[in-house]
2 protein chains.
Amino acid sequence: VPSLPTPDLVAALAAIVGAEHAIVDPDIVGSYVTDWTGRFHGDALAVVRPHTVGEVAEVVRWCAAHGVAITTQGGNTSLVAGAVPQQSVVLLTRGLNDVGPLDPDAGQITVGAGVTLAAVHAAVAGSGWEFGVDLGARDTATIGGMVATNAGGIRVVRHGTMRANLIGSEAVLGTGDVISHLGGLAKDNTGYELGALLCGSEGTLGIVTAVRLRLVRSFAERVVALVGVANVAEAVALAGHLRRTVDSLDALEVMVAPAMAVVAEHLATSAPFADAGAVLLVEAAADHDPTETLAAALNGREAIVATDRAGRARLWRYRESQTEAIGRRGVPHKLDVSVPLAATAAFVDDVMALGREHSAEVFVFGHLGDGNLHVNLLGPAPDDERLDELVLRLVASRGGSISAEHGIGRAKRQWLHLNRSPAELDAFRRVKAALDPAGILNPGVLLPD
Amino acid sequence: VPSLPTPDLVAALAAIVGAEHAIVDPDIVGSYVTDWTGRFHGDALAVVRPHTVGEVAEVVRWCAAHGVAITTQGGNTSLVAGAVPQQSVVLLTRGLNDVGPLDPDAGQITVGAGVTLAAVHAAVAGSGWEFGVDLGARDTATIGGMVATNAGGIRVVRHGTMRANLIGSEAVLGTGDVISHLGGLAKDNTGYELGALLCGSEGTLGIVTAVRLRLVRSFAERVVALVGVANVAEAVALAGHLRRTVDSLDALEVMVAPAMAVVAEHLATSAPFADAGAVLLVEAAADHDPTETLAAALNGREAIVATDRAGRARLWRYRESQTEAIGRRGVPHKLDVSVPLAATAAFVDDVMALGREHSAEVFVFGHLGDGNLHVNLLGPAPDDERLDELVLRLVASRGGSISAEHGIGRAKRQWLHLNRSPAELDAFRRVKAALDPAGILNPGVLLPD
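This text gives an overview of the structure that appears in the document. Since the model is a prediction, treat every value here as computed from it, not as a measurement. (Residues numbered from 1 in each chain as written. Chains lettered and ligands numbered in written order. Predicted model: local features only at pLDDT ≥ 70, side-chain atom pairs only at ≥ 80, totals over all residues. Heavy atoms only, no water.)

## Notes on the overall build of chain A
Consideration 1: Within chain A, the secondary structure is distributed over 15 helices and 17 strands.
Consideration 2: Since a compact globule built from 449 residues should have a radius of gyration of about 22 Å, the 23 Å found for chain A is in line with a globular shape.
Consideration 3: Structurally, chain A occupies a C-alpha span of about 70 × 55 × 40 Å along its principal axes.
Consideration 4: Residue pairs in contact within chain A that sit at least 24 positions apart in sequence constitute 73% of those at least 6 positions apart.
Consideration 5: Total accessible area on chain A stands at roughly 16,000 Å², and carbon and sulfur atoms take up 52% of it.
Consideration 6: Taken as two groups, the 35 positive and 50 negative side-chain charges of chain A have centres that lie 3 Å from each other. (Helix = DSSP H or I, 4+ residues; strand = E, 2+ residues; numbered from the N terminus. Rg over C-alpha atoms; globule rule 2.2 N^0.38 Å. Contact = heavy atoms within 4.5 Å. Areas by Shrake-Rupley, 256 points an atom, 1.4 Å probe, with all protein chains shown as cover. Lys, Arg positive; Asp, Glu negative; His and termini not counted. Charge placed at Lys NZ, Arg CZ, Asp CG, Glu CD.)

## Some points on the sheet that holds strand 12 (residues 249–256) of chain A
Residue and element names in this part refer to chain A.
Consideration 1: Pairing in this open sheet of seven strands is antiparallel, and the strands run 14-11-13-12-16-17-15 from one edge to the other. The open sheet has two edge strands, strand 14 (303–306) and strand 15 (333–338), and neither has a second partner. Averaged over neighbouring strand pairs, the angle between their axes works out to 15° when direction is ignored.
Consideration 2: Docked against the sheet, helix 8 (residues 232–245) engages strand 11 (221–229), strand 12 and strand 13 (278–286), running at close to 180° with respect to strand 12.
Consideration 3: Helix 13 (residues 344–357) rests against strand 12, strand 15, strand 16 (361–367) and strand 17 (372–378) of the sheet, and its axis sits at about 155° to strand 16. (Pairing = 2+ DSSP bridges. Axes fitted to C-alpha atoms, helices over the stretch in contact; angles between N-to-C directions.)

## Some thoughts on the pattern of salt bridges
Consideration 1: Counted according to the given criterion, the structure contains 45 salt bridges over all chains.
Consideration 2: Between Lys-187 of chain B and Glu-405 of chain A there is a salt bridge; the shortest N-O distance is 3.0 Å. In this pair, Lys-187 of chain B sits in the loop between strand 8 (178–181) and helix 7 (194–198) while Glu-405 of chain A sits in the loop between helix 14 (386–397) and helix 15 (422–435), so the two residues belong to two different chains.
Consideration 3: Lys-187 of chain B sits in the buried class, given a relative accessible area of 1%.
Consideration 4: Between Asp-436 of chain B and Lys-432 of chain B there is a salt bridge; the shortest N-O distance is 2.7 Å.
Consideration 5: When its relative accessible area of 1% is taken as the criterion, Asp-436 of chain B is described as buried.
Consideration 6: Lys-432 of chain B sits in the buried class, given a relative accessible area of 14%. (Salt bridge = Lys/Arg side-chain N within 4 Å of Asp/Glu carboxyl O. Buried < 20%, exposed > 50% of the residue type's maximum accessible area, 1.4 Å probe, protein only.)

## Description of the side chain of Asn-442 of chain B
Consideration 1: Within the secondary structure, Asn-442 of chain B sits in the segment after helix 15 (422–435).
Consideration 2: Ignoring any residue separated from it by four or fewer positions in sequence, one finds Asn-442 of chain B in contact with Ile-70, Thr-71, Gly-82, Glu-202, Gly-203 and Thr-204 of chain B.

## What to know about the interface of chain B and chain A
Consideration 1: On the chain A side, the residues contacting the 85 residues of chain B number 84 residues.
Consideration 2: When chain B packs against chain A, the two sides together hide about 6,400 Å² of surface, and 55% of this comes from carbon and sulfur.
Consideration 3: When the buried surface of chain B facing chain A is broken down by residue, Lys-187, Asn-189 and Tyr-192 of chain B rank first, second and third, together holding 17% of it.
Consideration 4: Counting every contact that joins chain B to chain A gives six salt bridges.
Consideration 5: Residue Asp-105 of chain B is joined to Arg-244 of chain A by a salt bridge in which the shortest nitrogen-to-oxygen separation is 3.9 Å.
Consideration 6: In this structure, the connection of chain B to chain A is made through 42 residue pairs in polar contact (both at pLDDT 80 or more).
Consideration 7: Looking at the side of chain B that touches chain A, the element that brings in the most residues is helix 15 of chain B, giving 10 residues.
Consideration 8: Split into classes, the residues belonging to the side of chain B that touches chain A amount to 35 nonpolar, 30 polar and 20 charged. (Buried area = accessible area lost by both parts, 1.4 Å probe. Polar contact = N/O pair within 3.5 Å; in protein donor to acceptor, adjacent residues only side chain to side chain. Nonpolar A, V, L, I, M, F, W, Y, C, P; charged D, E, K, R; others polar.)

## Let's talk about the environment of Ala-235 of chain B
All names here are of chain B.
Consideration 1: Inspection of the secondary structure assignment puts Ala-235 in helix 8 (residues 232–245).
Consideration 2: Remark: the alpha-carbon pair of Ala-235 and His-181, spanning 54 residues in sequence, is separated by 42 Å.
Consideration 3: When sequence neighbours within four positions are dropped, the list of residues in contact with Ala-235 reads Val-229, Val-254, Leu-280 and Leu-368.

## Some remarks on the relation of the copies chain B and chain A
Consideration 1: When chain B is fitted onto chain A, the two copies agree to an RMSD of 0.0 Å after a turn of 180° and an axial shift of 0.0 Å. The superposition of one copy onto the other is thereby described by a two-fold rotation axis.
Consideration 2: Most of the interface of chain B is mirrored in chain A, where 99% of its interface residues are also at the interface. (Least-squares fit on C-alpha atoms with pLDDT ≥ 70 in both.)

## Here we look at the packing of aromatic side chains
Consideration 1: One pass over the full model with this rule turns up two aromatic pairs over all chains.
Consideration 2: Ring centres 5.1 Å apart and planes at 55° place the aromatic pair Tyr-192 of chain A and Phe-428 of chain B in the tilted group. Taken together, the residues Tyr-192 of chain A in the loop between strand 8 (178–181) and helix 7 (194–198) and Phe-428 of chain B in helix 15 connect one chain to another. Taken as a pair, Tyr-192 of chain A and Phe-428 of chain B share a single burial class, namely buried. (Phe/Tyr/Trp six-rings, centres within 6.5 Å; stacked < 30°, edge-to-face > 60°.)

## Considerations on the packing of helix 8 of chain B against helix 13 (residues 344–357) of chain B
All names here are of chain B.
Consideration 1: Packing of helix 8 against helix 13 brings their axes to within 8 Å, and their N-to-C directions diverge by 155°. Of the possible angle classes, the one that applies to helix 8 and helix 13 is roughly antiparallel. For the element pair helix 8 and helix 13, the recorded crossing hand is right-handed. The segment helix 8 lies against helix 13, with Val-232, Ala-233 and Val-236 engaging Thr-344, Ala-345 and Val-348.
Consideration 2: For the contact of helix 8 with helix 13, the class distribution of residues is five nonpolar, one polar and no charged. (Parallel < 35°, antiparallel > 145°, perpendicular 65-115°, else oblique. Left-handed = near helix turned anticlockwise from the far one by under 90°.)

## Considerations on the sheet that holds strand 5 (residues 108–112) of chain B
All names here are of chain B.
Consideration 1: Pairing in this open sheet of four strands is antiparallel, and the strands run 5-9-7-8 from one edge to the other. With partners counted over all chains shown, the strands left at the sheet margins are strand 5 and strand 8, one partner each. Here the average twist between neighbouring strands, direction ignored, is 15°.
Consideration 2: As defined by bridge partners, strand 7 (residues 166–173) adjoins strand 8 across four bridges and the pair is classed as antiparallel. Opposite Val-172, over in strand 8, you have Val-178 as the bridge partner.
Consideration 3: Set on the sheet, helix 3 (residues 53–66) makes contact with strand 7, strand 8 and strand 9 (206–214); between it and strand 7 the angle comes to about 40°.

## Overview of the environment of Ala-15 of chain A
Residue and element names in this part refer to chain A.
Consideration 1: One can find Ala-15 in helix 1 (residues 7–17).
Consideration 2: The exposure class assigned to Ala-15 is exposed, which follows from its relative accessible area of 69%.
Consideration 3: Between the C-alpha atom of Ala-15 and that of Glu-58, which follows or precedes it by 43 residues, the distance is 9.9 Å.

The structure is reproduced here in C-alpha cells:
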C-alpha cells in the first residue's frame, strides 16, 4: 500500500517549484517507482521537478526538517535499483539541464545534473575535445546519475571512470547546504575533495546538481582488431602487453569462448577463431593511423582488423550483441564484477566449474583492460539468487569487487559485507550521518540496515 | 615552553612500538618540530616510529582515548607547515617502508606510506611502466605525505595529481579503525571512496599507511622545446592549442618575462627570446620521436628544440633554476596558486601592477598546462604578509585557488575562507568530526579554528 502525501508536503513542494512541478497524481507518480529492468518496485509520496540548485536546496531543507525521504532520479537506468523510491519524494534532475560553454583552452565544460550523456557528447562534438566516458545508455543516462554512481563503460582503460573525469561539482548536501566548486582548476588543494566523495555515493550523501567535466582530445584515426587466444590466461598476458606497448589503446574487451559462440550463433556467422578459448577486441585511436603500432604489438598473431567505421562496427557487434544474444536464450542473472588481473584466469575457471556443478550456462565477457567482467548465468529461476551469491563469494575470495561499475543500490547491499569490513561500513555510516544527519537521502540504498 | 610527555604516554608508546622507537629525548624530539623552510616551529610530546599498520592503529587508539594529539610526518617537505607538531606526538611513517612487487599486467604497485618518491621510481624502472607523478623533492618526500597532500608536480598535465594515480589506500582513521582497500581494482563501486577523500586531507582525517599506485607507460622518445610568445594571453592560447593537438604532451610550463630574465642572468646566458613577454617550455614523450608532431603544432613559430638528454636538461634549467635565481636576489614570498586558464592573462597583468604599486619585484612561472602559477614576491619583509594577502584576494576574485598544490597546512588556513564558503567549511568540520571524533589528528592544520 503506497503512502499518501500529506497536504503539508504537497503545499510545500508546490510553493518551492510551482504546482505544475510538484506532482501527486498517482498515475504519473506511479511511472517513477519502478526501475527500467522492471524487477524492482517501490512507492513514492510525490514527484518534484526542480529547475535550479536553489529549488533543490529548498526541497531538501523542507524534507530534512519534516523527516521526509528523497530519492533522486536522473535517467532511471540503474541496474541495481539505485533510484527506486521507498516511501519517498522522487526528485527528478532533468530540469537541471544547463549546458555551459565549452572552454576550448582548458578543455572543460560545466553541465547540469539532468543533461544526458549523449547531450554532452553532442555539445563538444567538433571542438577537438571529447568527453572520455561512454556507455550504451548514453541517450537516457544523465550526468548527475553517472557521477552519483561513478559510471564506467568501455573507455575506462584509457580515461578512467567518472571520478577521474570530474573536475568540480555542485551539490546539495542532506543538510540542505549547497556546496559549489565548479571553477575548473586542475590543481586545487584547498580542503577535503567532497566532489570525489559524492561521486559513487549513489545519492546517499548529497544531490549532485551540476558538474564541471574534464574533456580529452579527440582522435582522427581508429583501428579495431579481433584476436583469438588459447585461454583467459593468455588473454590477460596479452592485455598487459598491449597496455604496456600501445599508447593509443582505447578499449580492451574480452569474450570467453561460450560467450563468443552464443553471439556468433545470434549473428548467424561462423565464430571467428572457433578454437580459441577467448577472443579479445582491441581498439586504438590516435592522430595518425595506429594500425601499424597495434600490429607490431600483436607480434604476428592472427587478427581481424578494421579501420573504416562500418568494419569497426561489424567487429564491435561480437561484443555489443552479447546482451541480446544471451537474452534470446533466456532471462539471465547478471553480475558485474572486477577481479585482479592476476586472478582473472583462475576466477573464470572456477565460475565455469560452478556453472557446470549447478547446471547453469555461464557467459563471461567484459572490459578486460580494467579487470571488469560481466558474468551472465542462465538456468536458475529469476528469484533464485543462490548461484549469484556463490559467484559473488568467489569474486570476494579472489580479492575482487562484487560491483565493478553498477554500484550497490538496493539489489546488492545484502552482499556489501563481502567486500567491506565492519570498520569500513562503520566509517561509511559516520560519513553518512555527517552529511545527511536526518538520514533522508536515498533510503534503502547502498548501506546495509 | 614545550609540554612534557607524561610517564603514561611514554610507557604506552614504548609498549606498542618498543622503547627504541618511542623517543622522548628532547634533542631528538626537537629535530622534528621545525619545517624544512625553517620558518615554522612547533613543539612535540614525543616521537613515535611505528613499523606496521597495527602499531599505527594502537598508537591512534591510545591517543584518542587519552586526548593526545598526533602529527604525522613523512619526509617533512611541506611548504605550508603541514607537518609541524602542536603539543602533539610526532608519528613518523618512515618505518612503513614495504615496496610490494610490481604487477606487470595491471601496471600497479603497493608501497608503504614511508617510501620516498625516488624509491618508487627506482622500484618500477625498466619494467615498461613508470609512476606518473614527479616533483623536485623526490628524494625526501614520502608517498604517504604526497597522498595526504594530493601532490602535483610537473606531469599533472598528462597524468593528473596523486588522487588520479591512486588506486587504493590503507589508513588508520581517527577512531583507530583500519580501513584497507588495496586490491588494485580499476573499477570498484562498493561504497564511499574514502581513499579519494583522505587524499588531500593533510593528515586530519586519518593516517595513510600504504597505497596502491596506478602506473603509466614509459616512453622511449622525448623532446623539449622552448618557445617565445608576445604575452601571457598568447601563451594561454598556444597552451590550449598544444593540449588539443599534441597527444604526447608531457609538460607545459611558462616563465613570464621577468622570471625568464632573472634566470638567464643567473645562468649567465643571454635570455632566449629576449623580446618575448613569456616563454613556454613544452615536453612531449611517445614511443616514436614526437618532434615532428610538436613542430607541426608550433606551426612555424621559432623554437629551441632538444631531443638528447643533455640538451633537454639544458632547456629545463630555465625553469628549474627559478627558485635558485630568485633566491640569490633575496628571500621571496612564495605563493602557489591556480587561476582558470581564461583568467590567467588578466591575473598576471593585475599581479604585476600590484607589484609596481607596492615596489615589489614579481616573478611568475609555473605549470601553465594546468593553470598553476608560482608567484614570487621580492621586497616585503619576511613577516609582512600584506602583499601576499592582496595577491591571494586577487586570485580568489578571478575564480582561482589560493593553494594549487602545496595545500593549506598552518600557513594558509587564515585565508581558506577566500576559497571556501561557510557551507563548505561546515561540511569539512562535519566530515572531520565523523572520522576523527576525538579531534586528535594534525591539530592546527587545514581547518580554521
